[in-house]
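Listed here are the chains, written in short residue letters.
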Amino acid sequence: MNILILGSGGREHSLAWAVMQNPKCDKLIVAPGNAGIAQIADCASLDIENGGEVVSFAEENAIDFVIIGPEAPLAAGVADRLREAGILVFGPSGDAAKLEASKSFTKEVCDAANAPTAGYGHFTDAEAAKAHIRKNGAPIVVKADGLAAGKGVIVAMDEQTALDAIDDMFGGAFGGAGAEVVIEEFMEGEEASLFVLCDGEDILSIGTAQDHKRVGEGDTGPNTGGMGAYSPAPVLSAEIEAKAMEEIIKPTMKVMADRGMPYQGVLYAGLMIKDGQPRLVEYNVRFGDPECQVLMMRLGGQVLDLMQAAAEGRLAEAQVNWADDHAITVVMAAHGYPGSYEKGTEITGLDALPEDSANMVFHAGTKAEDGKVLATGGRVLNVTARGESLQEARDRAYAMVNGVDWPGGFFRRDIGWRALD
Ligand code: AMP
Ligand code: GLY
């Protein structure tokens, strides 16, 4: 099978790493890829949000299966273009991708599905939005409706912050994404993520994880794309997972199918858990980054069979073979991230690190130049390890982190603290 993966982050490096372990994979191309991916697969430059260009590339390279990593090509309808061309693809249609691309769409689908989530109001007018905030008071959560690269959510602990967020959003701070806002009830609890595969009809759980969104230790400082993750997340017990499946995910998938937009791909449910009850915070229509890295570490090559079964509508007959293991990933980021950061600093020491089924450094924002590995992004490396216990996995991961020589970078030393303390 010839496979094309779209994307360039740590998520895509881990997908490529897992897919390559499956003997079914004859040839793997990743577009656009990064320096780490280039060590294990061919990389090609391609405008991955341009469906026509992706279809032509897939046809020219005799690609049998396309796996779409990030949300932007999904929201742009790239999966639809591939399906129309008769190419097997893993990822939802542009319509179904609205579960991530529009917060008001998702809230309305949750209403129809009767899925537990935060109460909300949807506004296209700043004065009405402010009146809603004054009436309900803080804490309260203000969200730009559309995709805003993870920056469109303001959790306001006081009323003025929420009112200022409305001015920012209607003032164009998030471009078109802020012309509509959703204002939500603030939910308390502990967050964790549940990942399921869907084929339009059947649903298969492929694991749980917990991200670390804040930049600083002890979950302090500004929000980031995620500074580390581990899987499984004990807070999402089998009982709570079953509840989330029955009360949130299955009814949502049914509403989508009933509306003529069956969901196919991976669905990432961000959940808030309190007193044994899960509530939906958000859906994403792709793997989380860095959550994907820990899931791939645990699933390995079977993930290709599972993604193919989802794409071909055969999930009913699929099953996951679980090892009773744990995985953790520590993100190394450039100094300054998530604010402005320096690019082009050199990373050394990577060659001496172990690379096997229990230890792997996935690259996010890197490039190779003159035999050197240079940092090009905010989040740069995902140092990932697996073990029989979370503690063992964590010790392995931090031992590798210590072997990375990168004066231009930093990392959190407390990844996994909620599960270990
Ligand atoms: P989102 O992009 O919707 O996942 O929001 C980003 C983060 O904001 C979430 O991971 C939560 O930590 C927080 N958040 C979003 N919505 C709520 C809510 N209704 N109550 C409390 N926290 C929230
Ligand atoms: N790590 C959070 C996300 O991928 O959205």
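Everything discussed here concerns the structure shown above.
Residues numbered from 1 in each chain as written. Chains lettered and ligands numbered in written order. Predicted model: local features only at pLDDT ≥ 70, side-chain atom pairs only at ≥ 80, totals over all residues. Heavy atoms only, no water.

## Considering the pattern of salt bridges
Enumeration over the complete set of coordinates arrives at 22 salt bridges. A salt bridge links E12 to R11; the nearest nitrogen and oxygen atoms lie 2.8 Å apart. For R11, a relative accessible area of 8% puts it in the buried group. Two residues, K24 and D305, come together in a salt bridge whose shortest N-O distance is 2.6 Å. Of the two residues, K24 is situated in the loop between helix 1 (10–20) and strand 2 (27–32) and D305 in helix 11 (residues 302–311); the sequence distance between them amounts to 281 residues. (Salt bridge = Lys/Arg side-chain N within 4 Å of Asp/Glu carboxyl O. Buried < 20%, exposed > 50% of the residue type's maximum accessible area, 1.4 Å probe, protein only. Helix = DSSP H or I, 4+ residues; strand = E, 2+ residues; numbered from the N terminus.)

## Observations concerning unusual backbone geometry
Going from A138 to P139, the amide bond is cis rather than trans, its omega being -5°. Considering the arrangement of structural elements, one finds P139 in the loop between helix 7 (126–136) and strand 7 (140–144). Residue Y337 is joined to P338 through a cis peptide bond whose omega torsion reads 10°. Mapped onto the elements, P338 comes out in the loop between strand 17 (326–334) and strand 18 (346–347). Residue D219 is not a glycine yet carries a positive backbone phi of 60°. One can find D219 in the loop between strand 12 (214–216) and strand 13 (220–223).

## Some details on the state of the cysteines
Enumeration over the complete set of coordinates arrives at zero disulfides. Here C25 stays unpaired: no disulfide links it, and the sulfur of C43, its closest cysteine neighbor, is 13 Å away. Cysteine C198 is unpaired, with the sulfur of C110 as its nearest cysteine sulfur at 14 Å. (Disulfide = S-S within 2.5 Å.)

## Re the site of ligand 2
As a structural note, the neighbourhood of ligand 2 is formed by D211, G225, Y268, N284, R286, G288, D289, P290 and E291. Contacts to ligand 2 include D211, whose side-chain N or O atom sits 2.8 Å from a nitrogen atom. One of the backbone nitrogen or oxygen atoms of G225 is found 2.9 Å away from a nitrogen atom of ligand 2. Here ligand 2 has 200 Å² of accessible area as a free molecule, and 87% of this is covered by the chains. Across the shell around ligand 2, the residue classes break down as two nonpolar, three polar and four charged. (Near = heavy atom within 4 Å. Polar contact = N/O pair within 3.5 Å; in protein donor to acceptor, adjacent residues only side chain to side chain. Areas by Shrake-Rupley, 256 points an atom, 1.4 Å probe, with all protein chains shown as cover. Nonpolar A, V, L, I, M, F, W, Y, C, P; charged D, E, K, R; others polar.)

## So, the site of ligand 1
As a structural note, the neighbourhood of ligand 1 is formed by 15 residues, with E184, M187, E191, K213 and E282 the closest of them. Here a nitrogen atom of ligand 1 sits 2.8 Å away from a polar atom, N or O, in the side chain of E184. Here ligand 1 has 470 Å² of accessible area as a free molecule, and 89% of this is covered by the chains. Elements with a contribution of two residues or more to the shell around ligand 1: strand 7, strand 8 (153–156), strand 9 (181–185) and strand 16 (277–284).

## A look at a negative patch on the surface
Together, D158, E159, D164 and D168 make up a negatively charged patch on the protein surface. On the secondary structure map, D164 appears in helix 8 (residues 159–170). (Patch = residues over 30% accessible without salt bridge, like charges linked within 9 Å, V, L, I, M, F, W, Y side chains within 5 Å. Lys, Arg positive; Asp, Glu negative; His and termini not counted. Charge placed at Lys NZ, Arg CZ, Asp CG, Glu CD.)

## Details of the packing of helix 6 (residues 103–113) against helix 9 (residues 238–258)
Between two packed helices, both the angle of their axes relative to each other and the distance between the axes serve to describe the pair. Across the interface, helix 6 lies against helix 9 with an axial gap of 9 Å and an inter-helix angle of 105°. In terms of orientation, helix 6 and helix 9 fall into the roughly perpendicular class. For the pair helix 6 and helix 9, the contacting residues are F105, V109, A112 and A113 in the first and P251, T252, V255 and M256 in the second. Its residues assigned to classes, the contact of helix 6 with helix 9 comprises seven nonpolar, one polar and no charged. (Axes fitted to C-alpha atoms, helices over the stretch in contact; angles between N-to-C directions. Parallel < 35°, antiparallel > 145°, perpendicular 65-115°, else oblique. Contact = heavy atoms within 4.5 Å.)

## Overview of the pairing of strand 17
Across the nine residues of strand 17, eight count as buried, placing the element largely inside the fold. The pairing of strand 14 (residues 228–231) with strand 17 spans four bridges and is classified as antiparallel. Its bridge partner lying in strand 17, S231 is registered against A327. Where strand 17 lies against strand 23 (residues 409–410), two bridges are found, and the strand directions are antiparallel. Following the sheet pairing, A333 is matched in strand 23 by F410. (Pairing = 2+ DSSP bridges.)

## Digging into the sheet that holds strand 8
On the basis of which strands lie adjacent, the open sheet formed by four strands has the order 6-9-7-8 and antiparallel pairing. Bordering the open sheet on either side are strand 6 (120–123) and strand 8, each of which pairs with just one other strand. Here the average twist between neighbouring strands, direction ignored, is 15°. The sheet contact formed by strand 7 and strand 9 spans five bridges and is antiparallel. Residue V141 lies in a different strand from strand 9, and its bridge partner there is E184. Running over the sheet, helix 8 touches strand 6, strand 7, strand 8 and strand 9 and is turned about 5° from strand 7.

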